[in-house]
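# Reading the structure
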Amino acid sequence: MEYIDIFTRDGKFTGVSRPKHDPKKPGEYYRHVLIIMKTTDSPAPGEGEGQYIVQQRSLKAKYYAGKWDMTGGAVMAGETPEAAAIREVQEELDITILAEDLKLGFERTVTWDDGTGLLVSVFMCRADAPEDGFKFDTREVNDVKVMPFHEFLHHVSDHNDEDFCNGLREIEKKL
């Protein structure tokens, strides 16, 4: 069983860890990571539009089923956000990311209508698209492809707010 640590909205650990899928109570937040992967053969910042590794969420996913999105997931109990980012990319896409290549793009807090939420760390890195095609976890991912930044942004803008999309634009400028 997977466990997550519970935090307050301002990021203080409450001392409580519980099974990942247990219901959360108002005021409880957990850590989540998203990883933005620009291909290593993309132009340098400011020299052209980058190409991004993007996954289509499982058609059976509880949230955003079938949507093209970035890789991500929950930070497990006792795990750092950086370690979670490396683990999620490996588990979902079978791509190895090195800790020294991972950089924090931005952080944000998401609060849902029920008073629970996420403390999100958005990481960025350069990654190679596998020459022999992507191998992915079909329980979580329906498909994977490389797409230009404008297409990636179009896909994720339908389920993220303008501030989040502005953060992605900043990543494109510096990654």
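Just so it is clear, the model here is predicted, and its values are computed rather than measured. (Residues numbered from 1 in each chain as written. Predicted model: local features only at pLDDT ≥ 70, side-chain atom pairs only at ≥ 80, totals over all residues. Heavy atoms only, no water.)

With that settled, consider unusual backbone geometry. Comment: phi is negative for the bulk of residues other than glycine, and the bulk of peptide bonds are trans. The residue Y64 is not glycine, and still its phi comes out positive at about 55 degrees. Tracing the sequence through the fold places Y64 in the loop between β4 (51-57) and β5 (68-69). (Helix = DSSP H or I, 4+ residues; strand = E, 2+ residues; numbered from the N terminus.)

So, on to the layout of surface pockets. Considering only enclosed or pocket space, the largest pocket measures out at about 1,400 Å³ in volume. Y30, H32, R57, Y63 and L118 are the residues nearest the centre of the largest pocket, which is lined by 41 residues in total. Counting only elements with at least two residues in the lining of the largest pocket, the list comes to β3 (29-39), β4, β6 (71-74), α1 (81-93), β7 (103-111) and β8 (117-127). At four residues, the largest contribution of residues to the lining of the largest pocket is made by α1. (1 Å grid on protein atoms, 1.4 Å probe; cavity = no way out; pocket = protein on both sides within 12 Å on 5 of 7 lines; lining within 4 Å. Points joined across faces, edges and corners; volume = space filled by probe spheres on them.)

For the rest of this paragraph, the subject is the packing of aromatic side chains. For any two aromatic rings, the description comes down to two numbers: the centre-to-centre distance and the angle of the planes. Scanning all chains against the criterion turns up five aromatic pairs. Pairing Y52 with F152 gives two aromatic rings, centres 5.3 Å apart and planes at 15 degrees, and the pair type is stacked. Placement of the pair is Y52 in strand β4 and F152 in helix α2 (residues 149-157), with a sequence separation of 100 residues. For F152, a relative accessible area of 2% corresponds to the buried category. Plain terms: the ring middles of F106 and F164 are 5.4 Å apart, the flat faces sit at 70 degrees to each other, and that makes the pair edge-to-face. (Phe/Tyr/Trp six-rings, centres within 6.5 Å; stacked < 30°, edge-to-face > 60°. Buried < 20%, exposed > 50% of the residue type's maximum accessible area, 1.4 Å probe, protein only.)

Our focus in this paragraph is the pairing of strand β2 (residues 13-19). Note: strand β1 (residues 3-7) against β2, four bridges, orientation antiparallel. Within β2, the position partnered with D5 by the bridge is S17. (Pairing = 2+ DSSP bridges.)

It is worth spelling out the side chain of T39 at this point. One can find T39 in strand β3. Overall, the relative accessible area of 3% leaves T39 in the buried class. Of note is the side chain of T39, whose polar atom sits 2.8 Å from the side chain of D41. Setting aside its immediate chain neighbours within four residues, T39 contacts Q51, I53, R126, A127 and V146. (Polar contact = N/O pair within 3.5 Å; in protein donor to acceptor, adjacent residues only side chain to side chain. Contact = heavy atoms within 4.5 Å.)

What follows covers the packing of α2 against helix α3 (residues 162-174). Axis separation between α2 and α3 bottoms out at 11 Å; the angle between their running directions is 165 degrees. As the angle between them shows, α2 and α3 are arranged roughly antiparallel. Handedness of the crossing formed by α2 with α3: right-handed. For the pair formed by α2 and α3, the contact residues are F149, F152, L153, V156 and S157 on the first element and C165, L168, R169 and E172 on the second. Of the residues that constitute the contact of α2 with α3, the class distribution is six nonpolar, one polar and two charged. (Axes fitted to C-alpha atoms, helices over the stretch in contact; angles between N-to-C directions. Parallel < 35°, antiparallel > 145°, perpendicular 65-115°, else oblique. Left-handed = near helix turned anticlockwise from the far one by under 90°. Nonpolar A, V, L, I, M, F, W, Y, C, P; charged D, E, K, R; others polar.)

If you check which residues of α2 are buried, you get F149, F152, L153 and V156. For α2, the buried positions fall inside an angular range of 95 degrees around the axis, keeping them on one side. Opposite the buried face of α2, by more than 90 degrees, sit the exposed residues H150 and H154. Tucked inside the fold, the buried residues of α2 contact β3, β4, β5, β9 (141-148) and α3. (Arc of directions from axis to C-beta.)

On to the pattern of salt bridges, then. The full count for this structure, using the stated rule, is 14 salt bridges. Two residues, K38 and E172, come together in a salt bridge whose shortest N-O distance is 3.3 Å. Of this pair, K38 sits in strand β3 while E172 sits in helix α3; the two residues are 134 residues apart in sequence, bridging distant segments of the chain. Per residue, the accessibility class of K38 equals that of E172, and both read buried. The network of salt bridges with common partners includes E79, R87, E88 and E91. (Salt bridge = Lys/Arg side-chain N within 4 Å of Asp/Glu carboxyl O.)

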